[in-house]
Structures are given as structure tokens and as C-alpha cells.
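Remarks on the overall topology
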Amino acid sequence: MPVPFEALLPMGIVAGLFAVTGTGYSLVSRLANEGKPMRHNLDEWERMMMRRDFRLTGSKRGQSREAVAPPEFATNSAWGSEQV
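Residues numbered from 1 in each chain as written. Predicted model: local features only at pLDDT ≥ 70, side-chain atom pairs only at ≥ 80, totals over all residues. Heavy atoms only, no water.

1. A short note on the UniProt feature "transmembrane region" (unreviewed entry) in the chain
Test applied: UniProt positions are given in the numbering used here, feature names are shortened, and annotations may be inferred rather than shown by experiment. Secondary structure counts use DSSP, requiring at least four H or I residues in a row for a helix and at least two E residues in a row for a strand, with both numbered from the N terminus.
Here, the residues flagged by UniProt with the feature "transmembrane region" (unreviewed entry) are residues 12–32. With 100% helix and 0% strand, residues 12–32 has its two end C-alpha atoms placed 30 Å apart.

As C-alpha cells, then:
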């Protein structure tokens, strides 16, 4: 039984829109992660390292290979301070 040719145009449109949506989502997620793929299944250690990297570099996905932390790192602690 042949497929009616009228069904090919709507199916092509649907398939094209799925492709456009998937590609757009991939681009937006990579732009949000500075060109790197998304992270999945993060545990507390990885979240802590991400916060440390953010304090060191100012970037969510950036890492520093310097052996000594910059002087600003001493004052931008993750722990909040209270007034005495």
C-alpha cells in the first residue's frame, strides 16, 4: 500500500522543526557552559570544586593551572562573615 504524497510535506516540516529545536537547544546549552558539554550527575564534591573554580577564575567552567592562588582568593571565601 503506497504512502500518500500529501503526508510527506507535513512529516518533513515536523522532522525539520525537531532538528531545528534540538540544534538550538544544543547551541544554547553549550553557550551557557562556555563551549563545553553539559555536566550530568553532579555530586557534592563536584559542586564544591565548581564553586572553588568560580572563586578562583570568575568563570563557571574555568580552571586555573597556577600553583599559587591569587591574593583575591583569600578574601572571597565561600563562608559568609558576620559583623562583630
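2. Thoughts on helix α1 (residues 8–32)
Given 3.6 residues per turn, any residue in an α-helix points the same way as the ones three and four places further on. Note the cut-off: Expected helix span is computed as 1.5 Å times (number of residues minus one).
With 25 residues, α1 ought to run about 36 Å at 1.5 Å a step, and its terminal C-alpha atoms sit 36 Å apart, in line with that. Phi for Glu34, located one or two positions after α1, is positive at around 55 degrees.

3. Considerations on the side chain of Asn33
Note the following rule: Two N or O atoms count as a polar contact when they lie within 3.5 Å, although within protein this holds only if one can serve as hydrogen donor and the other as acceptor, and sequence-adjacent residues are included solely when both atoms are side-chain atoms. Contacts are assigned to residue pairs that have any heavy atoms within 4.5 Å of one another.
Secondary-structure assignment places Asn33 in the loop between α1 and α2 (44–57). From its side chain, Asn33 meets the backbone oxygen of Ser29 in a polar contact 3.1 Å long. Here Asn33 is in contact with Met38, Lys60 and Arg61, once residues within four sequence places are set aside.

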